[in-house]
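Coordinate inspection notes
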Amino acid sequence: MTTSDDPRIRVRRIYDDPEPSDGTRVLVDRVWPRGVSKDHANLGEWLKDVAPSTELRQWYGHDPDKYDEFARRYREELKDDTRAEALDRLKDIAEKGTLTLLTASKRDDISQAAVLKKTLDSGRHG
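Below is a summary of the structure that appears in this document. (Residues numbered from 1 in each chain as written. Predicted model: local features only at pLDDT ≥ 70, side-chain atom pairs only at ≥ 80, totals over all residues. Heavy atoms only, no water.)

The next thing to look at is unusual backbone geometry. At Asn42, a position not held by glycine, the phi torsion is positive, near 50 degrees. Mapped onto the elements, Asn42 comes out in the loop between helix H1 (38-41) and strand E3 (45-46). On the accessibility criterion, Asn42 (46% relative accessible area) is partly exposed. The backbone of His62 sits at a positive phi, close to 55 degrees, despite the residue not being glycine. (Helix = DSSP H or I, 4+ residues; strand = E, 2+ residues; numbered from the N terminus. Buried < 20%, exposed > 50% of the residue type's maximum accessible area, 1.4 Å probe, protein only.)

Right under this line is the structure:
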């Protein structure tokens with residue numbers, strides 16, 4: 001049985017304590033999360049450039065009913081040069097080992113990190 005869900009690519013909230021199994025921790029939010037110190041974040045990188053546009057983020061507002069449309073629009077945004085370059089950086093990190101995509105979203109399952117994980121998963125098995 002094969003699955004397109006790569007266990008080496010994870011999505012977590014930045015507010016959760018780092019775990020040794022996280023591998024390389026990358027923040028994929030455009031704005032630094034409130035109340036999180038750089039030390040506590042324990043980041044490998046902060047890739048602001050891979051985050052959705054401010055306009056898209058504000059339109060979405062983490063409304064679960066808008067998630068599918070948000071994901072579609074965000075995947076379109078990932079094709080622009082700056083975001084595509086940042087996405088390539090995430091692919092490079094994922095190829096070297098475990099990658100944990102971090103977000104401050106209350107629900108990481110409907111966040112841009114979840115869209116990125118799906119995008120990276122499908123790219124690795126194509």
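This part is about the pairing of strand E4 (residues 99-103). Regular strands have side chains that alternate between both faces of the sheet. Among the five residues of E4, five are classified as buried, and the element is accordingly described as predominantly covered. The side-chain alternation of E4 yields two buried faces, one formed by Leu99, Leu101 and Thr103 and the other by Thr100 and Leu102. Pairing geometry for strand E1 (residues 9-13) and E4, over five bridges, is parallel. Counted as the bridge partner of Val11 is Leu101 from E4. (Pairing = 2+ DSSP bridges.)

The next subject is the side chain of Arg12. Tracing the backbone shows Arg12 in strand E1. The class of Arg12 is buried, set by a relative accessible area of 9%. For Arg12, the side chain forms a polar contact with the side chain of Asp22, separated by 2.8 Å. Apart from residues lying up to four places away in sequence, Arg12 is in contact with Asp17, Pro18, Glu19, Asp22, Arg25, Thr100, Leu101, Leu102, Thr103 and Asp108. (Polar contact = N/O pair within 3.5 Å; in protein donor to acceptor, adjacent residues only side chain to side chain. Contact = heavy atoms within 4.5 Å.)

This part takes up the environment of Gly61. Tracing the backbone through its elements, the reader meets Gly61 in the loop between helix H2 (54-60) and helix H3 (67-77). Given a relative accessible area of 52%, Gly61 falls into the exposed group. When the C-alpha atoms of Gly61 and Val26 are compared, they prove to be 22 Å apart, with 35 residues separating the residues in sequence.

Pairing within the open sheet is parallel, and its four strands lie in the order E1-E4-E2-E3. Two strands close off the open sheet at either side, each with one partner strand: E1 and E3. In the packing of helix H4 (residues 81-96) onto the sheet, contacts are made with E1, strand E2 (24-27), E3 and E4, and the angle to E4 comes to roughly 135 degrees. (Axes fitted to C-alpha atoms, helices over the stretch in contact; angles between N-to-C directions.)

This part takes up the nonpolar core. A general trend in soluble globular proteins is that nonpolar side chains are found buried together. The biggest cluster of nonpolar side chains holds 25 residues, and the ones touching the most others in it are Val50, Leu90, Leu101 and Leu116. Among the elements of the structure, H2, H3, H4, E4 and helix H5 (112-124) are those that each provide at least two residues to this core. In contact with Val50, other than residues within four places in its own chain, are Val28, Tyr74, Leu78, Arg83, Ala86, Leu87, Leu90 and Leu116. (Core = buried A, V, L, I, M, F, W, Y, C linked by side-chain atoms within 4.5 Å.)

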